[in-house]
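The primary structure of each chain is shown beneath.
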Amino acid sequence: MVSQPYVDAEGREIRLDVFDMGAPARAYGVFAHSREGVDRFVAPDVDSEYVGGLLHFWKGPYYVSMLAYPETEAKKQLVRSLARAIAAQIEGDADEPGLVRQLPARDRVPHSERYFLHPAWVNDYHDFGDANVLRIDGDTEVAMARYRTGDGGDSPAVLLLIRYPGAAAAAAAQASFTTA
């Protein structure tokens, strides 16, 4: 991680944080966890979200966050210029992980996709409790999204796709989940 404040002569600050997540899928996972939309603020081929002086985006194995608060038009343009320069230096693309691309598109709530490799995040949409009943670990990929059910209710359905490292791990998780 690199964290760098930029301060002008009047003391106005822009804070830049760059995280090397080690793999594009992990960078996507961090970005997707907190986003509410995708606006392409940085570039047409970079997933980003800019809201009120806060920008975050991912590209390749990097997750980048910039805070320019309080927001001004000048700071907004500076954030955009700096973000574009940073993104141009990052090799790699911004393709969603393969498991996320397997989530059905029909009736999916826009930008509700999540991707992770840690059991804590499964409770983002549905409370499975503190026990790791699905046996999610660093070798287990999870893609999750909300879906409209068409029943007029306010609570969308949640679909989880889980890729275990092998049949034995999947069977153990199934047994754990069934027992729970």
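As a starting point, this report considers the structure included with it. Just so we're clear, the structure is a prediction, and the values are computed from it rather than from any experiment.

About the thresholds
Starting afresh in each chain, residues are numbered from 1 along the sequence in its written order. Local features in this predicted model are restricted to residues of pLDDT 70 or higher, and side-chain atom pairs are both shown and tallied only at a pLDDT of 80 or more, whereas totals for entire chains, interfaces and linings draw on every residue. Values shown for side chains rest on all heavy atoms present in the structure; no hydrogens or waters enter the calculation. Any two strands with at least two DSSP bridges between them are considered paired. Strands here mean DSSP runs of E at least two residues long; helices mean DSSP runs of H or I at least four residues long; both are numbered from the N terminus. Every helix has an expected span of 1.5 Å times one less than the residues it contains. Note on definitions: a residue-residue contact is assigned when non-hydrogen atoms from the two residues lie within 4.5 Å. Between N or O atoms, a polar contact is any pair within 3.5 Å; within protein, one atom must be a potential hydrogen donor and the other a potential acceptor, and residues adjacent in sequence are included only when both atoms are from side chains. Paired rings are identified among Phe, Tyr and Trp, the last through its six-membered ring, by centres lying within 6.5 Å, and are further divided according to the angle between planes into stacked (under 30 degrees), edge-to-face (over 60) and tilted (the rest). Per-residue accessibility, obtained with a 1.4 Å probe over protein chains only, is compared with the maximum for each type, and a residue is labelled buried under 20%, exposed over 50%, and partly exposed between these values. To get an axis, a line is fitted to the C-alpha atoms, and for a helix only the part in contact is used. The angle between two axes follows their N-to-C directions and goes from 0 to 180 degrees. In what follows, salt bridge is the name for a side-chain nitrogen of Lys or Arg lying within 4 Å of a carboxyl oxygen of Asp or Glu.

A regular strand carries its side chains on alternate faces of the sheet. With 6 bridges connecting them, strand β1 (residues 2-7) and strand β2 (residues 13-20) associate as antiparallel partners. Of the residues in β2, the one forming a bridge with Q4 is L16. Hairpin connection between β1 and β2: a loop of 5 residues separates the two successive antiparallel strands, and G11 in this loop has a positive phi of roughly 85°.

Relative to the 24 Å expected for 17 residues at 1.5 Å per residue, helix α2 (residues 73-89) spans 25 Å between its end C-alpha atoms, a close match to the ideal helical length. Tucked into the core, α2 has its buried residues touching β2, β3 (48-51), β4 (54-59) and β5 (62-67).

Here we take up the side chain of K75. Here K75 lies in helix α2. In terms of polar contacts, K75 uses its side chain to reach the backbone carbonyl oxygen of P70, at 3.1 Å. Each residue touching K75, except ones within four places of it in the same chain, is listed here: R12, E13, I14, A68, Y69 and P70.

We now examine the packing of aromatic side chains. In the structure shown here, the tally under the stated rule is 4 aromatic pairs. Each ring, one from F19 and one from Y63, has its centre 5.9 Å from the other, and the planes form 40°; the classification is tilted. With F19 in strand β2 and Y63 in strand β5, this pair connects stretches of sequence that are 44 residues apart. A relative accessible area of 25% means that F19 is categorised as partly exposed. Each ring, one from F41 and one from Y50, has its centre 4.4 Å from the other, and the planes form 10°; the classification is stacked. F41 sits in the buried class, given a relative accessible area of 5%. A residue is classified by how much of its surface remains accessible, and Y50, at 10% relative accessible area, is buried.

Let us now look at the side chain of S65. Tracing the backbone shows S65 in strand β5. The exposure class assigned to S65 is buried, which follows from its relative accessible area of 15%. If we ignore the near neighbours within four places in the chain, the residues touching S65 are R15, L16, D17, L54, L55 and H56.

Our next topic: the sheet that holds strand β7 (residues 141-147). Across the sheet, 3 strands lie side by side as β6-β7-β8; this open sheet has antiparallel pairing. Every interior strand has two partners, whereas the edge strands, β6 (114-116) and β8 (157-163), have only one. Across the sheet, the mean angle separating the axes of adjacent strands is 15° when strand polarity is ignored. Bridge count for β6 against β7 is 3 bridges, and the pairing is antiparallel. The partner of F116 across the bridge, within β7, is V142.

Quick look at the pattern of salt bridges now. Tallying each qualifying case throughout the model produces 6 salt bridges. Residue E13 is joined to R15 by a salt bridge in which the shortest nitrogen-to-oxygen separation is 3.4 Å. With relative accessibility at 31%, the residue E13 sits in the partly exposed group. Exposure remark for R15: the relative accessible area of 29% places this residue in the partly exposed category. Across the pair R163 and E141 runs a salt bridge whose closest N-O atoms are separated by 2.8 Å. Taken together, the positions of R163 in strand β8 and E141 in strand β7 put the pair 22 residues apart, joining distant regions of the chain. For R163, a relative accessible area of 35% corresponds to the partly exposed category. One connected set of salt bridges, linked through shared partners, spans R35, R108 and E113.

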